[in-house]
Amino acid sequence: MGKRDFPTRMRQDHRVKPSPFGYAAPATVEEALAVLAQVGDDAKVLAGGQSLLPILNMRLAAPAHLVDVNRLRELAYVRAEEGGVRVGALARHVDVERSVPAYDALPLLRQALQLVAHPVIRNRGTTVGSLAHADPSGEMTAVLALTGGSVVAARRGSTRTVAAADFFLGPLESALEPGELAVSAFFPSFPARTGTTFLEVARRHGDYAVCGLAAAVTLAADGTVTAARASYISVGGTPVVIDFTELLAGSAPDESGWHAAGELARQQVEPEADIHASADYRRHLVGVLTRRALGEAAGRAA
Amino acid sequence: MPATVSGMTAVHDTTTGEPLHDVRLRVNDVWQEARVPARRLLSDFLRHDLRLTGTHVGCEHGVCGACTVLLDGAPVRSCLLLAVTVSGQSVTTVEGLGSPEAMHPVQQAFRECHGLQCGFCTPGFLTTAAAYLAQHPSPTEAEAREAISGNLCRCTGYQNIVRSVLRAAEIARERTPSASDR
Ligand SMILES: Cc1cc2nc3c(=O)[nH]c(=O)nc-3n(C[C@H](O)[C@H](O)[C@H](O)COP(=O)(O)OP(=O)(O)OC[C@H]3O[C@@H](n4cnc5c(N)ncnc54)[C@H](O)[C@@H]3O)c2cc1C
Ligand code: FES
Ligand code: FES
């Protein structure tokens, strides 16, 4: 910790990793939208920075401007609302994970968040930021897709609500346009007697999943299946939602049904190979995890 | 830029022309200030501007955990934060956990249990474990393992690190016997 001098090399200003950028830290949403309108297309919103900073540090991107939204306290909320949970853009993953009202309204949020990175990353990363980032391996993209949720995007003078089905356009590509700020996301609750789970296979706990899914099963009062759906990550450019309701409705929640659903899912997905896993292995995981997840979700639906 | 935008400044670096920002941080209970470009990472701010080299930098993309510091008490990656973003907040680095004369329980435990070899990863393990134990005073071995699962160590094989976290919990309880008797 000494006060000794550093070698000249370190004293020069090459000691920063990201390229230079213009920086603004607005204090209100209104101000943020004004700045975003002003700085033009080559700007990025900085939320938790847990995806953006690695990209800047490695200089995979060099935006001309960063608009830092970390001072927008008005967006730091997690609320149970009529019919679901609304998450403000400055709610950290940890806030959503720990929120009791959010858990009561939609347990899937916590079930999924516990698989998002490590607790230290969740202390800083935002849930809305992970939707905006649109990583096809991001757990929360699958949750938004499965719940049929939406994102509220604002720009100076106007606001629009984008449904999950229209929000994810491709890997790392969301429907957000330059000048827009995602101000909140809404995750609808499931009907009564619905059980949910999030399962995934990752090289290590906390790593991005090789394959994973959010699943929801709804049972009728007599115990038969009324609806079953799943939403997959890491097997396509966007979250892939498969509806098993037609296949399973009216049947008993049992292993043969889950097995048939696993087969159907295996046939429907079109995974790609990368350094982490082959396409075949991912397809195999889709079958196995579908079976397990639907069984687990049904067990929680009772 | 509108004049209302905070963090804007008219000061520029004399050689590069880059705008500079005054960052004020409460580091280990002492307010410190430096004038830096917006792109200065918190890790570099601590190490180069404040000369607090206890915080180590391994990967600079959030994976290794060596740079973990406590921001208002919660562990975060200092390599994934801009110093200017956290201006006005409190940071605890490994230097702030304890001193050689008055070691933090995690520091004492890592020394007792050989929880380090080269020591490169150690500052990140110490800050992460200290924050975890403050909220979970009696972890099981599985919980201890989980608590440090976001930190990488290339030397120890983790066995002694897990042992150190469990021992640190013990030391903390020994130091406040009334808390563990309750
Ligand atoms: C080691 C490590 C492991 C990780 N593992 C996982 C994992 O397993 N699963 C997972 O899902 N994530 C993982 N993450 C990423 C983490 O969840 C991020 O927090 C999240 O992806 C992005 O949220 P953020 O708030 O940090 O966004 P930032 O990094 O600040 O921004 C990400 C992108 O979204 C844009 N953006 C952010 N917020 C808004 C907004 N409100 N309006 C408009 N645009 C916005 C930014 O401009 C940027 O392009 C990991 C990260 C690290 C470092
Ligand atoms: S240096 Fe920050 S996580 Fe590796
Ligand atoms: S002690 Fe060397 S990296 Fe952990």
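Residues numbered from 1 in each chain as written. Chains lettered and ligands numbered in written order. Predicted model: local features only at pLDDT ≥ 70, side-chain atom pairs only at ≥ 80, totals over all residues. Heavy atoms only, no water.

Draft legend 1. Here's a closer look at unusual backbone geometry. All names here are of chain A. A positive phi is found at Ala 134, a non-glycine position, where the angle reads about 55°. Within the secondary structure, Ala 134 sits in the loop between helix H8 (127–133) and helix H9 (139–147). In this structure, Ser 234 is a non-glycine residue whose phi angle is positive, near 65°. Mapped onto the secondary structure, Ser 234 falls in the loop between strand S13 (225–233) and strand S14 (240–243). When its relative accessible area of 10% is taken as the criterion, Ser 234 is described as buried. (Helix = DSSP H or I, 4+ residues; strand = E, 2+ residues; numbered from the N terminus. Buried < 20%, exposed > 50% of the residue type's maximum accessible area, 1.4 Å probe, protein only.)

Draft legend 2. Region of interest: the confidence of the model for chain B. All names here are of chain B. Summarising the model, chain B shows a mean pLDDT of 92, and 91% of its residues fall at 70 or more. For residues 1–7, every residue scores under 50 in pLDDT, and the model assigns this stretch 17 contacts once sequence neighbours within four places are set aside. The ipTM assigned to the predicted complex is 0.91, against a pTM of 0.94. (pLDDT = per-residue confidence, 0-100. Contact = heavy atoms within 4.5 Å.)

Draft legend 3. Structural view of the sheet that holds strand S12 (residues 209–219) of chain A. Residue and element names in this part refer to chain A. The four strands lie next to each other as S11-S12-S13-S14, forming an open sheet whose pairing is antiparallel. Unpaired on one side and paired on the other, strand S11 (194–202) and S14 mark the two borders of the sheet. Each adjacent strand pair in this sheet contributes to an overall mean axis angle of 15°, direction not counted. Here S11 runs beside S12; their pairing, made up of nine bridges, is antiparallel. Across the sheet, the residue bridging to Val 201 is Cys 211, located in S12. Sitting on the sheet, helix H13 (residues 279–301) is in contact with S11, S12 and S13, with an inclination near 35° to S12. (Pairing = 2+ DSSP bridges. Axes fitted to C-alpha atoms, helices over the stretch in contact; angles between N-to-C directions.)

Draft legend 4. The arrangement of the pattern of salt bridges in detail. All chains considered together, the criterion is met by 17 salt bridges over all chains. Between Arg300(A) and Glu296(A) there is a salt bridge whose closest N-O contact spans 3.3 Å. Here Glu296(A) and Arg300(A) lie together in helix H13, a separation of four residues that amounts to about one turn. Judged by relative accessible area, Glu296(A) falls into the partly exposed class, the value being 31%. Put simply, Glu112(B), Arg167(B), Glu170(B) and Glu174(B) are held in one network by salt bridges that share partners. (Salt bridge = Lys/Arg side-chain N within 4 Å of Asp/Glu carboxyl O.)

Draft legend 5. A look at the domain arrangement of chain A. Residue and element names in this part refer to chain A. Under the domain assignment used here, chain A contains domain 1 (8–68), domain 2 (73–188) and domain 3 (194–301). Here the C-alpha centre of domain 2 lies 21 Å away from the C-alpha centre of domain 1. Domain 1 puts 15 residues into the contact, and the matching count from domain 2 is 16 residues. For the pair domain 1 and domain 2, the summed buried surface comes to about 1,200 Å²; carbon and sulfur atoms form 71% of the total. Area buried by domain 1 at its contact with domain 2 is led by Val 29, Leu 33 and Gln 50, which between them contribute 41% of it. At the boundary of domain 1 with domain 2, the tally comes to zero salt bridges. Top element by residues in the side of domain 1 that touches domain 2 is helix H2 (residues 29–39). It accounts for six residues. (Domains from an automatic or database assignment. Buried area = accessible area lost by both parts, 1.4 Å probe.)

Draft legend 6. The environment of Leu247(A), seen in detail. All names here are of chain A. Tracing the chain through its elements places Leu 247 in helix H11 (residues 245–248). On a C-alpha basis, the gap between Leu 247 and Arg 282 in space is 23 Å, while along the polypeptide they are 35 residues apart. Excluding its chain neighbours within four sequence positions, the residues that come into contact with Leu 247 are Ala 260, Ala 261 and Leu 264.

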